[in-house]
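Residue-level structural notes
One-letter residues, chain by chain:
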Amino acid sequence: MELLCNAPAHASVPDRYVFPPEKRAALQLDGVDGPDDGVTLPVVDLHRAALSGDDGLRRRVAEEIVRAGKEFGFFQVVNHGVGEDVVRGFRDAAAEFFAMPVEEKMPYCSDDQSKPFRLASSTSYDKSETRYWRDYLKLQCHPVSDELVRHWPMEPTSFRPRLAEFSEAAHELAQTLLSLVAEGLGLRADFFAGDLSGGETQMNVNYYPPCPDPSLTLGLLPHCDRHLLTVLSQGDVAGLQARYNGRWLLVRPVPGAFVINFGHQMEIVTNGALASVEHRAITNSAVARMSVATLIMPKMECRIGPAPEMVDDETNPAKFREFVFSEFMEAYNTAAASREDVLDSFRIHRD
Ligand SMILES: O=C(O)CCC(=O)C(=O)O
Ligand SMILES: [Fe+2]
């Protein structure tokens, strides 16, 4: 398998990574202050420590999240309660993994999507010839059990304990966010608990080495996440862009923050109120970038459809039909992650 992290630093971009001009990222990192007109994503202070004892504060935070979610579909959170050491601990372990010698990583290389831990490169969604400037770990990270941990690598030795710790913390944050989203929408606080968010949580650890010519390449294709909610640590190197009013908005790194965005299931359950927004990753020539995305998802057999509370037959009829989550997962693969193609098979079309 061809991995970028195995190669010595690249002096030039090999042809198979060069996108045709119409697919290249028009907006480069050093041009961000121009094209995005100073629009920045909301940064929500979760006041995590005070949240459970202060109902007024809780309501304000919940409203702020829903407002940000409705306008951007993306926001960042600070004071989120996940310890800096927990985040740094796992990010360091993952960076060490990518830096290990080829022979030690090779046993994990696989394109078999059913594996609970694997290392791969580019993406499995875009079937065109051009490769994305990205290596990634795709792994199952929650619930943490002895059986699951056995699939995680033994080396570096910090990997298993730091991942277990990070995974629990990210999961807890996700549950807090989901209850705030529910409250902000006027739903029961435990609306998303149970099967809707109780599937096996997956994680993408994306590694984008420095690229000699970012104007020719892409780190990750434009896509929406297919799950319910994504909790992303992007570290301090920029590269994530979200679609906003027909443009690409750079998600500026905020120290210690998590970037939160909604997946397709959130859009469907809320009948379009909280949309799943397209995003992509661009490359840069200066430093390697690593992002860690924790993807909260429903149980495979969970029935999904717009919540009755989010639908009004007269003014806001259901936009999506009901389905079983496993059906959606299949459709997403077939539609190669394209937002409209995948949602189209679940949309109710009215004349
Ligand atoms: O690298 C990033 O910031 C984006 C990652 C992402 O969108 C994903 O893993 O689904
Ligand atoms: Fe994503």
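Model, not experiment: these values are computed from the prediction.

Remarks on the packing of helix H2 (residues 55-72) against helix H6 (residues 159-184)
Relative to each other, H2 and H6 sit at 85°, their axes nearing to 8 Å. Classed by the angle they form, the pair H2 and H6 counts as roughly perpendicular. Counted together, Val 61, Ala 62, Glu 63, Ile 65, Val 66 and Gly 69 of H2 and Leu 180, Val 181, Glu 183 and Gly 184 of H6 form the full contact between these two elements. Taken together, the residues of the contact of H2 with H6 sort by class into 6 nonpolar, 2 polar and 2 charged.

Details of the site of ligand 1
Taken together, Asn 204, Asn 206, Leu 220, Asp 225, Leu 232, Gln 234, Gly 239, Leu 240, His 279, Ala 281, Ser 291 and Ala 293 make up the full set of residues adjacent to ligand 1. Split into classes, the residues belonging to the shell around ligand 1 amount to 5 nonpolar, 6 polar and 1 charged.

Some points on the UniProt feature "domain: Fe2OG dioxygenase" (unreviewed entry) in the protein
What UniProt calls "domain: Fe2OG dioxygenase" (unreviewed entry) maps, in this numbering, to residues 199-298. Between the C-alpha atoms that bound residues 199-298 there is a distance of 5 Å. The span itself is 6% helix and 42% strand.

Some remarks on unusual backbone geometry
Peptide bonds are, in most cases, trans, and in most cases residues other than glycine have a negative phi. Here the bond from His 142 into Pro 143 is cis, since omega is -5°, no more than 30 degrees from zero. Along the chain, Pro 143 falls in the loop between strand E4 (135-142) and helix H5 (146-149). The omega torsion of the bond from Glu 155 to Pro 156 falls at -10°, within 30 degrees of zero and hence cis. You can see Pro 156 is positioned in the loop between H5 and H6. Phi at His 47 takes a positive value of approximately 45°, unusual for a residue other than glycine.

Observations concerning the pairing of strand E9 (residues 247-250)
Across 4 bridges, strand E8 (residues 240-244) lies against E9 in antiparallel orientation. Paired with Arg 243 across the bridge in E9 is Trp 248. Connecting the antiparallel pair E8 and E9 is a turn made up of 2 residues, with Asn 245 showing a positive phi of about 50°.

Criteria and thresholds
Residues numbered from 1 in each chain as written. Chains lettered and ligands numbered in written order. Predicted model: local features only at pLDDT ≥ 70, side-chain atom pairs only at ≥ 80, totals over all residues. Axes fitted to C-alpha atoms, helices over the stretch in contact; angles between N-to-C directions. Helix = DSSP H or I, 4+ residues; strand = E, 2+ residues; numbered from the N terminus. Parallel < 35°, antiparallel > 145°, perpendicular 65-115°, else oblique. Contact = placed C-beta atoms within 7 Å. Nonpolar A, V, L, I, M, F, W, Y, C, P; charged D, E, K, R; others polar. Near = placed C-beta within 6 Å. UniProt positions renumbered as here; feature names shortened; annotations may be inferred. Pairing = 2+ DSSP bridges.

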